[in-house]
Amino acid sequence: MTDEEYMDLALHLAESTKGQTSPNPSVGAVVVKNGTTAGMGAHLKAGEAHAEIHALQAAGNDAQGASMYVTLEPCSHTGKTPPCVEAVIKSGIRRVVIAALDPNPEVSGSGVKRLQEAGIEVSIGTGNNRAEWLNRYFMHFMKTGLPYVTLKTAVSLDGKTATATGESQWITGTESRKDSHRLRHEHDAILAGIGTVLHDDPSLTARAVEGGLQPVRVVLDRHLRIPLEASMLQDNMAPVWIFCGAEASTEKKRNLAQTGAVIYQASEADVQLAEVLSILGNENILSVFVEGGSEIHGRFVEEKRFQEFITYTAPVLIGGRLAPTSAGGSGIAHLNEAPRLEVHSVEQLGQDIKVTAVRKGN
Ligand SMILES: Nc1c(/N=C/[C@H](O)[C@H](O)[C@H](O)COP(=O)(O)O)[nH]c(=O)[nH]c1=O
Ligand SMILES: Nc1c(N[C@@H]2O[C@H](COP(=O)(O)O)[C@@H](O)[C@H]2O)[nH]c(=O)[nH]c1=O
Ligand SMILES: [Zn+2]
C-alpha cells in the first residue's frame, strides 16, 4: 500500500476515538514492516497510553527497521505519559510519516527534531488536512488557550428558528437531531442562553448516540432566572455551570449551588462572552457547542467569537416578521464587516440540509 493508504488507516483509527480523548487529541498510528502491517493503535483516553505506544506494543520486534504512520507529531515531553519519541527511537523504527505537527507548546516541532537527531527519516504532511480537521478543537485551544466555539442552529427553509408564537419542536427531522447529539458528544461543553432554557427546558445532554463523554452544560443567565426545577438541575447527567451578572441575587445563587450547579458571577451587570470563554479555557474546556438561542448566537456573531457555524435547514416554511432567525441581537451593520466563512461541507440528512462553515481568520 502507499503512504496515503497507510495514513488513511491511521486516520480512521484516530477518527474512531472522537469525543473520548479530550483534553488530549485523537491520534492513530500504524507500524509497517516490508509492506506488512505489523502493529496499529489509537490513543483511547487522556492519561492512558498514546497511539504510538499501542502500535509499537503490537509490533514487538517487527518495529526494528519498520516505518510508522502517525496522525500527530509524536510527543517529546512527559505529561501524564512518557515521551513517545523515546519509545519510537528505542524500537528501531527507521522512518516516521506524520500527518500534522502538534501545536502544543511542549511539542510543536521538537518531536520531529528529536527523531531526526536520532537518524530517523521523517516526512510531514501526508493526510494533513484530515488530521488538522479531526483535531481542530485541540489545535485552536493549544494556540489560543480558548475553547473552539461551534454555533449550531436548526432553521426552516425561510430561515426561522421558531414560529412567531414561539413553537420550535420540531423543525428538523430525527436524523438531524441525532447528528447534533453526536456533535454534542464531541464537544467538551454545550452552551445555551436562559431564553432557550426557559422556553425548551432542555436537558442539553448527548443521549441519542452511545459513547463519548457527557459534556458540561453551560447556561448564560445574567439575572439567575433559571428555575430550580429545571430538568438539567435535576437529572444529575452532567455538570451545570451558570454564568450570572453582578446583580444576581445571592439567595438564588445559594439555592442553585445546593442543586450542585456551579455559579460564576461576573464583576459587571452583564455576562461578557470574552470572560465566559476565558474561564472555560482555564477549566480545560477545549470546545463549546452553542445551541442558541437566537440572541446568544447574535452576540457570538457580532463579537466574532466563534470558529464554526452549523445550520440544519428543514424544508418547512414558517414566515412571520416576528419569528426569530438563527442570529438575533442588533446584527452586523455593514456587509464588509460581516464574517465571511468557508463552506466545509454540505450534507443531506433525511429531508434536511446540513451546512458546516468555518471562519478562516477574518
Ligand atoms: N427546535 C430544534 C432544535 N432546538 C434545539 C434547542 O436549542 C434545544 O437544544 C432543544 O430544546 C434540545 O433539548 P434537549 O437538550 O434535547 O432536551 N434543534 C434541532 O436540531 N432541531 C429543531 O427542530
Ligand atoms: N494523544 C497523543 C498525543 N498528545 C499530545 O501529548 C499531550 C498529552 O500528553 P499526556 O499528558 O502524556 O497524555 C497532548 O496535549 C498532546 O500534545 N501525542 C502523541 O504523541 N500521541 C498521542 O496519542
Ligand atoms: Zn505521545
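Residues numbered from 1 in each chain as written. Chains lettered and ligands numbered in written order. Predicted model: local features only at pLDDT ≥ 70, side-chain atom pairs only at ≥ 80, totals over all residues. Heavy atoms only, no water.

### Here we look at the overall build of the protein
So, step 1. When you go through the protein residue by residue, the secondary structure sums to 12 helices and 14 strands.
So, step 2. Here the C-alpha atoms of the protein give a radius of gyration of 23 Å, agreeing with the 21 Å that 2.2 N^0.38 yields for 362 residues.
So, step 3. If you line up the protein on its principal axes, its C-alpha atoms span 70 × 45 × 40 Å.
So, step 4. For the protein, the proportion of its 362 residues judged to be buried stands at 50%.
So, step 5. Partitioning the contacts of the protein with sequence separation of at least 6, the portion at a separation of at least 24 is 71%.
So, step 6. Counting every atom, the protein has about 16,400 Å² of accessible surface; 51% of that belongs to carbon and sulfur. (Helix = DSSP H or I, 4+ residues; strand = E, 2+ residues; numbered from the N terminus. Rg over C-alpha atoms; globule rule 2.2 N^0.38 Å. Buried < 20%, exposed > 50% of the residue type's maximum accessible area, 1.4 Å probe, protein only. Contact = heavy atoms within 4.5 Å. Areas by Shrake-Rupley, 256 points an atom, 1.4 Å probe, with all protein chains shown as cover.)

### What to know about the side chain of S326
So, step 1. You can see S326 is positioned in the loop between β12 (308-314) and β13 (341-349).
So, step 2. Since its relative accessible area comes to 14%, S326 is described here as buried.
So, step 3. Polar contacts involving the side chain of S326 include one to the side chain of T153, which spans 3.4 Å.
So, step 4. Not counting the four nearest positions on each side in its chain, S326 is found in contact with T153, V155, G159, T161, S294, H297 and F309. (Polar contact = N/O pair within 3.5 Å; in protein donor to acceptor, adjacent residues only side chain to side chain.)

### Quick notes on the packing of helix α3 (residues 84-91) against helix α4 (residues 110-117)
Each packed pair of helices is defined by two parameters, the angle between the axes and the distance between the axes.
So, step 1. Direction vectors running N to C along α3 and α4 enclose 20°, while the axes themselves pass 10 Å from each other. As summarised for this structure, α3 and α4 are arranged roughly parallel, according to the angle between their axes. In this structure, α3 crosses over α4, and the sense of that crossing is right-handed. When α3 is examined against α4, the residues V85, E86, V88 and I89 are found in contact with a partner set consisting of G111, R114 and L115.
So, step 2. Looking at the contact of α3 with α4 residue by residue, the classes come out as four nonpolar, one polar and two charged. (Axes fitted to C-alpha atoms, helices over the stretch in contact; angles between N-to-C directions. Parallel < 35°, antiparallel > 145°, perpendicular 65-115°, else oblique. Left-handed = near helix turned anticlockwise from the far one by under 90°. Nonpolar A, V, L, I, M, F, W, Y, C, P; charged D, E, K, R; others polar.)

### A closer look at the layout of surface pockets
So, step 1. A volume near 1,200 Å³ is recorded for the largest pocket.
So, step 2. If you trace the largest pocket, you find 47 residues lining it, with T196, D200, E291, G292 and G293 closest to the centre.
So, step 3. Sorting the residues of the lining of the largest pocket by element identifies β6 (148-156), α7 (174-186), α8 (194-200), β11 (287-292) and α12 (294-302) as the ones contributing at least two each.
So, step 4. Top element by residues in the lining of the largest pocket is α7. It accounts for seven residues.
So, step 5. A per-class count over the lining of the largest pocket returns 13 nonpolar, 21 polar and 13 charged.
So, step 6. Counted as a void, the second largest pocket has a volume near 510 Å³. (1 Å grid on protein atoms, 1.4 Å probe; cavity = no way out; pocket = protein on both sides within 12 Å on 5 of 7 lines; lining within 4 Å. Points joined across faces, edges and corners; volume = space filled by probe spheres on them.)

### Quick word on the pairing of β13
So, step 1. Sheet topology note: the β13/strand β14 (residues 352-359) ladder contains eight bridges and is antiparallel. The residue bridging S345 from the neighbouring strand is T356, located in β14.
So, step 2. Linkage of β13 to β14, two consecutive antiparallel strands, is achieved through a turn of two residues, within which G350 is found at a positive phi near 65°. (Pairing = 2+ DSSP bridges.)

### Examining α12
The α-helix winds at 3.6 residues per turn, so residues separated by three or four positions along the chain end up facing the same way.
So, step 1. Listed as buried for α12 are S294, I296, H297, G298, F300 and V301.
So, step 2. Against β6, β7 (189-193), β8 (216-220), α11 (273-282), β11 and β12 lie the buried residues of α12.
So, step 3. Positive phi appears at K304, one or two residues downstream of α12, with a value of about 55°.

### So, the pattern of salt bridges
So, step 1. Here the structure, examined in full by the defined rule, presents 15 salt bridges.
So, step 2. One salt bridge connects E291 with K152, and the closest N-O pair in it is separated by 3.3 Å. On the criterion of sequence distance, the pair formed by E291 in strand β11 and K152 in strand β6 is long-range, its members being 139 residues apart. Assigned by exposure class, E291 and K152 land together as buried. (Salt bridge = Lys/Arg side-chain N within 4 Å of Asp/Glu carboxyl O.)

### Some thoughts on unusual backbone geometry
So, step 1. Here S22 and P23 are connected by a cis peptide whose omega angle stands at 10°.
So, step 2. For P23, the position within the fold is in the loop between α1 (3-15) and β1 (28-33).
So, step 3. Along the chain, Q169 connects to W170 via a cis peptide bond; the corresponding omega equals -10°.
So, step 4. For W170, the location among the structural elements is in the loop between β6 and α7.

### So, the site of ligand 2
So, step 1. The local shell around ligand 2 holds 19 residues, among which H50, E52, K80, T81 and D102 are the closest.
So, step 2. Interatomic distance of 2.7 Å between a side-chain N/O atom of E52 and an oxygen atom of ligand 2.
So, step 3. Between ligand 2 and the protein, one listed contact pairs an oxygen atom with a side-chain N or O atom of N104 at 2.9 Å.
So, step 4. For ligand 2, the protein covers 96% of the area, taking 520 Å² as the surface of the free molecule.
So, step 5. Residue assignment for the shell around ligand 2 shows that the elements contributing at least two residues are α2 (51-59) and α6 (136-144).
So, step 6. Per-class residue counts for the shell around ligand 2 are eight nonpolar, seven polar and four charged. (Near = heavy atom within 4 Å.)

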